[in-house]
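What follows is the residue order along each chain.
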Amino acid sequence: MQARRQGSWQQHHGDAVPEPYGEYLTLEQAASDIFAYDPQNVPDLLQTPQYARATVTSDPSLPAGSAQDMLAELNLSRQQILEEQRPRVTALIGETALREVTSDPDVMRGQLRALAVASERIVVQVLPSGCRVPSSGPVTILRFAGIPNLGAVYLPGLSGGTCLAGQQDVASYTRAFEHLRASALTPATSARLIRDIAEG
């Protein structure tokens, strides 16, 4: 079963995925807990198909065409795999990301409504605009059930990013994530804010 899930993205996108990102994706499928922080965009695993497409097409670092299509499809493949695996997902999203104006306002409204009704295994917390956040950009931390000393940290980048698996790296980023989480709105307050933005 694990091999089949891995093949679902590797079979279609494996050759086009840089090695560090591919390493992260393989680990992601085995994770029991995923902690995602993004100050400027909705994290990949929570994106609607329309938002995913709008995000990659607006990224100036990506060549237009097949590369953008591949990334959008890859995000959706990952979501399908994780729907089977059912890890716990905790996402910290900057309020700025929720107020971003896309070329199609309906796309953003649809994305916000999806976030506001996230499933019980997904926790969404918003970092208010006035909150001090690091300038380092997005990060994802993976943890694995029954193996407390094992984890991974993924930092996106133009050449496939960086995947860190050292205990000190994981511990350091986990502490930073929890520090940010303490500054974020509660899940209930976050959901109300997201609905207000969607209806505004």
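Residues numbered from 1 in each chain as written. Predicted model: local features only at pLDDT ≥ 70, side-chain atom pairs only at ≥ 80, totals over all residues. Heavy atoms only, no water.

Counting secondary structure elements, the protein chain contains eight helices and six strands. Buried residues in the protein chain amount to 43% of all 200 residues. Here the contacts in the protein chain between residues at least 6 apart in sequence split such that 72% fall between residues at least 24 apart. As displayed, the protein chain has an accessible area near 10500 Å², and 52% of this comes from carbon and sulfur atoms. (Helix = DSSP H or I, 4+ residues; strand = E, 2+ residues; numbered from the N terminus. Buried < 20%, exposed > 50% of the residue type's maximum accessible area, 1.4 Å probe, protein only. Contact = heavy atoms within 4.5 Å. Areas by Shrake-Rupley, 256 points an atom, 1.4 Å probe, with all protein chains shown as cover.)

Positive phi, close to 55°, is recorded for Arg 86, a residue that is not glycine. Tracing the backbone shows Arg 86 in the loop between helix 4 (66-85) and strand 2 (88-94). For Arg 86, a relative accessible area of 46% corresponds to the partly exposed category.

Turning our attention to the sheet that holds strand 1 (residues 33-38). Strand-to-strand pairing in sheets goes through backbone hydrogen bonds, with the strands running parallel or antiparallel. Spatially, the six strands line up as an open sheet ordered 3-2-1-4-5-6, and their pairing is mixed. Edge positions in the sheet fall to strand 3 (122-127) and strand 6 (162-164), since each of these pairs with one other strand and no more. Neighbour-to-neighbour, the strand axes of this sheet turn through a mean angle of 15°, independent of strand direction. Where strand 2 lies against strand 3, six bridges are found, and the strand directions are parallel. Bridge pairing in strand 3 links Leu 92 to Gln 125. Packed onto the sheet, helix 7 (residues 167-183) meets strand 1, strand 2, strand 3, strand 4 (139-143), strand 5 (151-155) and strand 6 and runs at close to 115° relative to strand 4. (Pairing = 2+ DSSP bridges. Axes fitted to C-alpha atoms, helices over the stretch in contact; angles between N-to-C directions.)

Once that is clear, we can look at helix 2 (residues 19-28). All buried positions along helix 2 are accounted for by Tyr 21, Gly 22, Tyr 24, Leu 25 and Glu 28. Along the axis of helix 2, the buried residues cluster in a sector spanning 160°; they form a single face. (Arc of directions from axis to C-beta.)

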